[in-house]
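In case you want the letters, here they are:
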Amino acid sequence: MAAMGEMIENIAHQWRQPLSAISTSATGMKLENDYNLLDSNKLTTGLDNIIDNTTYLSNTIEDFRKYFVKDKVRTKCNIKIVYQNTIKLLKSKFDSLNIEIIEDCEDIYCTTLENELVQCLMNIFNNAHDVLVKNGRSKKLIFVKIYKKYDNVIISVTDNAGGISEEIIQKVFEPYFTTKHKAQGTGIGLYMTQEIVVKHLDGFIKVKNVNLNYESVKYTGANFKISLPLNRE
Ligand SMILES: Nc1ncnc2c1ncn2[C@@H]1O[C@H](COP(=O)(O)OP(=O)(O)OP(=O)(O)O)[C@@H](O)[C@H]1O
Ligand SMILES: [Mg+2]
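Every value quoted in this text rests on a predicted model; they were computed, and no experiment measured them.

Digging into the site of ligand 1
Lining the immediate surroundings of ligand 1 are 21 residues, of which N127, T178, G185, G189 and L190 lie closest. Top element by residues in the shell around ligand 1 is helix 4 (residues 114-135). It accounts for 4 residues. In the shell around ligand 1, the residues fall into 11 nonpolar, 8 polar and 2 charged.

Shown next, in the form of structure tokens:
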């Protein structure tokens, strides 16, 4: 249910802008028609705009639906592409807040449950989003690194929102642990993420606070690292 809630919230974000574009187009054409100003050029442009936007709406719903279905079999996938597909689902939400993503990702193939990994990454990115909003810093950054270490692929996600206080950092994976208001969080996101990573993907997840330096400015933030085995049977 928690995952469904997040998903719906993300869809709402993706849909707001195209819905408003459709409404503007239709209202504009209706008004022009009332005043006999709607020539066939304007009609075609307006209708094309509506068609483009409805196609986009229908594609987003497909994207979300695809990732909400549980995988049955492991498939060989490029982890970088899996990450990029996740970000695609969050794009409007991130763009509207000027969240900048700094990528350093290698193409690494791994046999895994793609949709479940997308769910995990979504939880981590949504948490970074929430804390960047709350923190209100004008420069909102998320660093994503994907690389190989021994026989594992590491997906590292770091934000610049100040980190997690040392008193609670060990509790973030516990079920129902949240510092958010009831309406904003249930505290199940990271619990679910850890369950999926450990029990379904045979990996592990770690969190720590890090100091970083970007464009000569120093920041602190939370760093989540997912490690998945490359050569599982
Ligand atoms: N990037 C982060 N920076 C700072 N604190 C974080 C970060 N990610 C998680 N946390 C802390 O960990 C808590 C637990 O996160 P979790 O995702 O499990 O639950 P939630 O986000 O509060 O609610 P839900 O994900 O169920 O909507 C958060 O409430 C927040 O206090
Ligand atoms: Mg969360």
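Overview of helix 3 (residues 79-96)
The first and last C-alpha atoms of helix 3 sit 26 Å apart over 18 residues, in line with the 26 Å expected at 1.5 Å per residue. In helix 3, a bend of some 60° at L90 exceeds every other bend along the element. Within helix 3, burial applies to I79, Y83, L89 and L90. Positioned one or two residues after helix 3, N98 has a phi angle of 55°, which is positive.

Points about the domain arrangement of the protein
The domain boundaries assigned to the protein delineate domain 1 (2-67) and domain 2 (74-229). Every contact between the two is made by 10 residues of domain 1 and, on the other side, 14 residues of domain 2. Elements that contribute at least two residues to the side of domain 1 that touches domain 2 include exactly helix 1 (2-34) and helix 2 (40-68). Per element, the largest residue contribution to the side of domain 1 that touches domain 2 is 7 residues, and it comes from helix 1. Looking at the side of domain 1 that touches domain 2 residue by residue, the classes come out as 4 nonpolar, 4 polar and 2 charged.

Conventions and cut-offs
- Residues numbered from 1 in each chain as written.
- Chains lettered and ligands numbered in written order.
- Predicted model: local features only at pLDDT ≥ 70, side-chain atom pairs only at ≥ 80, totals over all residues.
- Near = placed C-beta within 6 Å.
- Helix = DSSP H or I, 4+ residues; strand = E, 2+ residues; numbered from the N terminus.
- Nonpolar A, V, L, I, M, F, W, Y, C, P; charged D, E, K, R; others polar.
- Expected span 1.5 Å × (residues − 1).
- Bend = angle between axes of the 7 residues up to and from the residue.
- Buried ≥ 20, exposed ≤ 12 C-beta atoms within 10 Å, placed from the backbone.
- Domains from an automatic or database assignment.
- Contact = placed C-beta atoms within 7 Å.

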